[in-house]
Amino acid sequence: MIGKKSAPAAEPFRVPALAEVDETYAALLEKQTELTAKQSDLERERRAVEKAIAADTSRETRPEIAALLGDAPGTKSLSRRRLAEIRHEIADIEQALNVLRQRLADARGRASASVVAASRTEYGRLVGAMVEAMQALSEARDEYESLIDDFNAHDVAWTSLTPLQPTFCGDRNDGHLQRWLRAAREAGYGA
């Protein structure tokens, strides 16, 4: 048909990220990213200060002694003081990140519940489609097995048809299909 437009394809379902459905979880992730970046910056600075200390050949005088003498504090002493501050900050950040990991684990449960609620309809649709397909497969398999039983009952040499036993389905009376379908029904999916 000329001029007739087809209906646009429906957007595929997308599971929302935990941070999209839970502001607390999103804030915790943001804080974790911020602290991890700060930790990286401090680690870079630590390495630079350690290199500067190793390269500094000046005589070391503690800042307190230099002040008593009226001298400017030595760069090596100032670098050591900064190195101690950096190490202390890094240790604090590591502890904060440990606390954040626990808070994220706690928040994950609440956020997951929200994602599950948002996904429940789609999940049910997909399980229902599988129930329908497996039920159809189970019925087709039963018909196939009945035909094979009839061939065998009448002593028909039927193997020229190429036997294609659906062994992946399990036993015909209580196989994989029946167990899966039973579990789906018990969970409230399908008929």
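Thresholds, definitions, all that
- Residues numbered from 1 in each chain as written.
- Predicted model: local features only at pLDDT ≥ 70, side-chain atom pairs only at ≥ 80, totals over all residues.
- Heavy atoms only, no water.
- Salt bridge = Lys/Arg side-chain N within 4 Å of Asp/Glu carboxyl O.
- Helix = DSSP H or I, 4+ residues; strand = E, 2+ residues; numbered from the N terminus.
- Buried < 20%, exposed > 50% of the residue type's maximum accessible area, 1.4 Å probe, protein only.
- Contact = heavy atoms within 4.5 Å.
- Patch = residues over 30% accessible without salt bridge, like charges linked within 9 Å, V, L, I, M, F, W, Y side chains within 5 Å.
- Areas by Shrake-Rupley, 256 points an atom, 1.4 Å probe, with all protein chains shown as cover.
- Axes fitted to C-alpha atoms, helices over the stretch in contact; angles between N-to-C directions.
- Parallel < 35°, antiparallel > 145°, perpendicular 65-115°, else oblique.
- Left-handed = near helix turned anticlockwise from the far one by under 90°.
- Nonpolar A, V, L, I, M, F, W, Y, C, P; charged D, E, K, R; others polar.

Asks: Describe the pattern of salt bridges, and please don't skip the residues or the numbers.
Replies: Once their charged atoms are close, side chains differing in charge can pair, the charge on each being opposite to the other. The tally for this structure, following the rule as stated, stands at 15 salt bridges. Among the ionic pairs, Arg82 bridges to Glu45, the shortest N-O distance being 2.8 Å. Taken together, the residues span a long stretch of sequence, with Arg82 in helix H4 (residues 75–153) and Glu45 in helix H2 (residues 23–55) at a distance of 37 residues. Under the relative-accessibility criterion, Arg82 is labelled partly exposed at 24%. Arg46 is the partner of Glu50 in a salt bridge, and the nearest nitrogen-oxygen pair spans 2.9 Å.

Asks: Go over the environment of Leu28, please, and point to the residues and values.
Replies: Locating Leu28 in the fold gives a position in helix H2. Measuring from C-alpha to C-alpha, the distance between Leu28 and Arg101 comes to 8.8 Å, with 73 residues separating the pair along the chain. When residues no more than four places from it in sequence are discounted, the contact partners of Leu28 are Leu100, Arg103, Leu104 and Ala107.

Asks: I'd like a rundown of a nonpolar patch on the surface, residues and numbers included.
Replies: There is a patch of nonpolar side chains on the surface, built from Ile65, Leu68 and Leu69 and spanning about 340 Å² of accessible area. As for its position among the elements, Leu68 is in helix H3 (residues 63–69).

Asks: Please provide a residue-by-residue account of the packing of H2 against H4, values included.
Replies: The contact between H2 and H4 brings their axes to 8 Å, and the two run at 160°. The angle between H2 and H4 falls in the class roughly antiparallel. The handedness of the crossing between H2 and H4 is left-handed. When grouped by side-chain class, the residues that make up the contact of H2 with H4 number 17 nonpolar, five polar and 16 charged.

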